[in-house]
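# Structure at a glance
So you can see what is in the structure, the chains are spelled out below.
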Amino acid sequence: MSSDAPSPSSSSRAPRVAIVGATGAVGEEFLRVLHQRAFPMTSLKLLASPRSAGKTLPFGDQTLTVEALDADAFHDVDLALFSAGGSISREYAPLAVAAGAVVVDNSSAFRMTDGVPLVVPEVNPDAISDAGIGLRDGLDAGIIANPNCSTIIMLLAVNPLHRFAGVERIVVSTYQAASGAGAAAMRELEQQTREALAAPGGTGQVVSQDIFGQQYAFNLFSHNSPLQSGGYNQEEMKMVHETHKIWGQDAERGSGAAPDRIRTGITATCIRVPVMRAHAESINLTFRDECSEIKASALLKDAPGITVQDDRGANAFPTPVQASHQDDVFVGRVRRDLSQPEGRGLDLFVCGDQVRKGAALNAVQIAELLLEKRTADR
Ligand code: A2P
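Residues numbered from 1 in each chain as written. Predicted model: local features only at pLDDT ≥ 70, side-chain atom pairs only at ≥ 80, totals over all residues. Heavy atoms only, no water.

### A look at the sheet that holds strand S5 (residues 79-82)
Within a sheet, adjacent strands bond to each other through the backbone by hydrogen bonds, running parallel or antiparallel. To keep things clear, this is the line we draw: Strands are treated as partners if at least two bridges between them are detected by DSSP. Where helices and strands are cited, they refer to DSSP runs of H or I of at least four residues and of E of at least two residues respectively, numbered from the N terminus. Axis geometry follows a simple rule: fit a line to the C-alpha atoms, using only the stretch in contact for helices, then measure angles between N-to-C directions, giving values from 0 to 180 degrees.
With respect to topology, 7 strands assemble into an open sheet ordered S3-S4-S2-S1-S5-S6-S7, the strand pairing being mixed. This sheet does not close on itself; its edge strands, each paired only once, are strand S3 (56-59) and strand S7 (142-145). Across this sheet, the average inter-strand angle for adjacent strands is 25 degrees, counted without regard to direction. Pairing geometry for S5 and strand S6 (residues 102-105), over 4 bridges, is parallel. The residue bridging Leu 81 from the neighbouring strand is Val 104, located in S6.

Rendered as structure tokens:
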């Protein structure tokens, strides 16, 4: 496989893949995840802004050259993984689809668009085939949206409990890492940390404040996404609306699909913390049916994509540092909520790598579902 390998046209060949935003934090993780999972590919094209054209990136023991994204970039692409921000997705994802590619889009541009499946493979894998999208010689080209990282990480932990007991209400508070704001934010956190430690007189003050416009190192603040009327920010409302869509509880589908007939009440508070790349979330749940602490722990232990780390004796619970670079979402502090009737309320604390399961890994797992579906259809 090389970046410019010739590619025969056949529904059975491995897909020709492009990464849009290959030089970003998620883009580079796409490269690692595709390589680690030995994702079958006929060719791999790396696309970014003209600033990065000619730059090289490692892929296993190969070195691939980045090309500038343009409107013709997708004529030889079957599968395009987008992570270059919403405006690039809005402009180029339709062009990729018109050229016959399936797009897995990491931005929020199409998440709430009717007909665009919003997919967490462990939660709603069937949404892809329900939307009629598949990797079959461009016949079923379309866009599949990757949910917001905080939504993915929350749902990995909450979905198994929802399937068992029906979650009527979620109160979630997030502690979100720099990576969610991209590679430049990660660099700025590093830079500010250096500046704060070196600040004269131990004032801890920083100079570089380009990304968030305020001190991030040794600080925390309300998520930087725009505030909406009512006082919630966009990130918080993404968690609400995306969860409803993924669970089939969006308005178009009435009061919610099986097993719940619930429209889960969700309220979120999203906070940016000076952590490099894994998000943490404190989650409080109210159940329709009984779900004990013991049952919840057992369900979580059996659930895909989760590691339960809940050692009260050793006070050992999930941390962003341990969750970093891991595929699984870590779940701990599983405990009865004493303010609710026995069996009706639980608290959890979860940590998941934002760049990996929150973005690149989830998208590659979606691509793997497309390959599985193609094999099954043959
Ligand atoms: P570049 O590095 O050339 O600017 P992150 O989310 O980590 O900030 O990454 C954003 C990604 O989106 C980078 O790969 C970046 O490329 C890419 N990108 C930004 N602007 C454009 C553009 N106009 N065309 C193509 N890719 C872009």
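Don't stop here, the text continues.
### Some remarks on helix H7 (residues 293-302)
Stated formally: Here the term buried applies to any residue with accessible area under 20% of the maximum for its type, exposed to any over 50%, and partly exposed to those in between, with areas from a 1.4 Å probe on protein chains only. What the arc describes is the spread of directions from the helix axis to the C-beta atoms.
By the burial criterion, the buried members of H7 are Ala 296, Ser 297, Leu 299 and Leu 300. Along the axis of H7, the buried positions cluster into a sector of 165 degrees, meaning they face one direction only. The exposed residues of H7 that point more than 90 degrees off its buried face are Ile 294, Lys 301 and Asp 302.

### Remarks on the packing of helix H4 (residues 149-165) against helix H6 (residues 234-246)
Under the convention used in this document: Note that the term roughly parallel is reserved for angles under 35 degrees, roughly antiparallel for angles over 145, roughly perpendicular for angles of 65 to 115, and oblique for everything else. Each crossing gets its handedness from the near helix: less than a right angle anticlockwise from the far helix is left-handed, clockwise is right-handed. We call two residues in contact whenever any of their non-hydrogen atoms come within 4.5 Å of each other. Side-chain classes follow a simple rule in which Ala, Val, Leu, Ile, Met, Phe, Trp, Tyr, Cys and Pro form the nonpolar group, Asp, Glu, Lys and Arg form the charged group, and the remainder, Gly included, forms the polar group.
Between H4 and H6, whose axes approach to 9 Å, the crossing angle comes to 50 degrees. It follows that H4 is oblique to H6 by the angle criterion. Judged by the sense of rotation from one axis to the other, the crossing of H4 with H6 is right-handed. Of H6, the residues touching H4 (which contributes Cys 149, Ser 150, Thr 151, Met 154 and Leu 155) are Glu 235, Lys 238, Met 239, Glu 242, Thr 243 and Ile 246. Each residue belonging to the contact of H4 with H6 can be placed in one class, and the counts come to 5 nonpolar, 3 polar and 3 charged.

### A look at the layout of surface pockets
Spelled out, the test is: Of the grid points, spaced at 1 Å and generated over the protein atoms alone, those admitting a 1.4 Å probe that cannot get out make up cavities, while open sets with protein on both sides within 12 Å along at least five of seven lines make up pockets; any residue with an atom within 4 Å of a point is treated as lining. Grid points are joined across faces, edges and corners, and a volume is the space filled by probe spheres set on the points. Note that domain bounds follow an automatic or database assignment of domains.
The volume enclosed by the largest pocket comes to roughly 1000 Å³. The wall of the largest pocket is formed by 46 residues, among which Ser 83, Ala 84, Gly 85, Gly 180 and Gly 182 lie closest to the centre. Every element with two or more residues in the lining of the largest pocket is listed here: helix H1 (25-36), strand S2 (43-48), helix H2 (86-98), helix H5 (183-198), H6 and helix H9 (356-377). Here the lining of the largest pocket is composed, by residue class, of 16 nonpolar, 24 polar and 6 charged. Looking at which domains feed residues into the lining of the largest pocket, each of domain 1 (16-148 + 359-377) and domain 2 (150-354) supplies at least three.

### Overview of the packing of aromatic side chains
The test is simple: A pair of Phe, Tyr and Trp rings is counted when the ring centres sit within 6.5 Å of each other, with Trp represented by its six-membered ring. The angle between the planes then sorts it: under 30 degrees is stacked, over 60 is edge-to-face, the rest tilted. Only when the NZ of Lys or the CZ of Arg is both within 6 Å of the ring centre and within 35 degrees of the ring normal is a charge said to sit over the ring.
As enumerated under the stated definition, the model contains 5 aromatic pairs in all. Between Phe 212 and Tyr 216, the ring centres sit 4.9 Å apart and the planes meet at 75 degrees, which makes this aromatic pair edge-to-face. In terms of burial, Phe 212 and Tyr 216 fall into one category: buried. In this structure an aromatic cluster arises from ring pairing among Phe 212, Tyr 216 and Phe 221. Lying across the ring of Phe 317, Arg 333 places its NZ or CZ 5.3 Å from the centre.

### Here we look at the pairing of S2
Test applied: Here, the term right-handed applies to a crossover whose path from the first strand over the helix to the second runs clockwise when the strands point away from the viewer.
Counting buried residues in S2 gives 6 out of 6 residues, a clear majority hidden from the surface. Strand direction decides the pairing type here: strand S1 (residues 16-20) and S2, joined by 5 bridges, are parallel. Paired with Val 20 across the strands is Leu 47, a residue of S2. Handedness of the crossover joining S1 and S2 through H1 is recorded here as right-handed. As judged from the 3 bridges shared by S2 and strand S4 (residues 62-68), these two strands associate in the parallel manner. Residue Ala 48 lies in a different strand from S4, and its bridge partner there is Ala 68.

### A look at the sheet that holds strand S10 (residues 265-272)
Strand order in this open sheet of 7 strands is S9-S10-S8-S11-S14-S13-S12, and the pairing throughout is mixed. Two strands in the sheet have a free side with no partner beyond their single neighbour: strand S9 (221-222) and strand S12 (306-308). Against the sheet, H6 engages strand S8 (167-176), S10 and strand S11 (278-287), with an angle of about 145 degrees to S10. Here H7 sits on the sheet in contact with S12, strand S13 (329-336) and strand S14 (345-353), set at roughly 170 degrees to S13.

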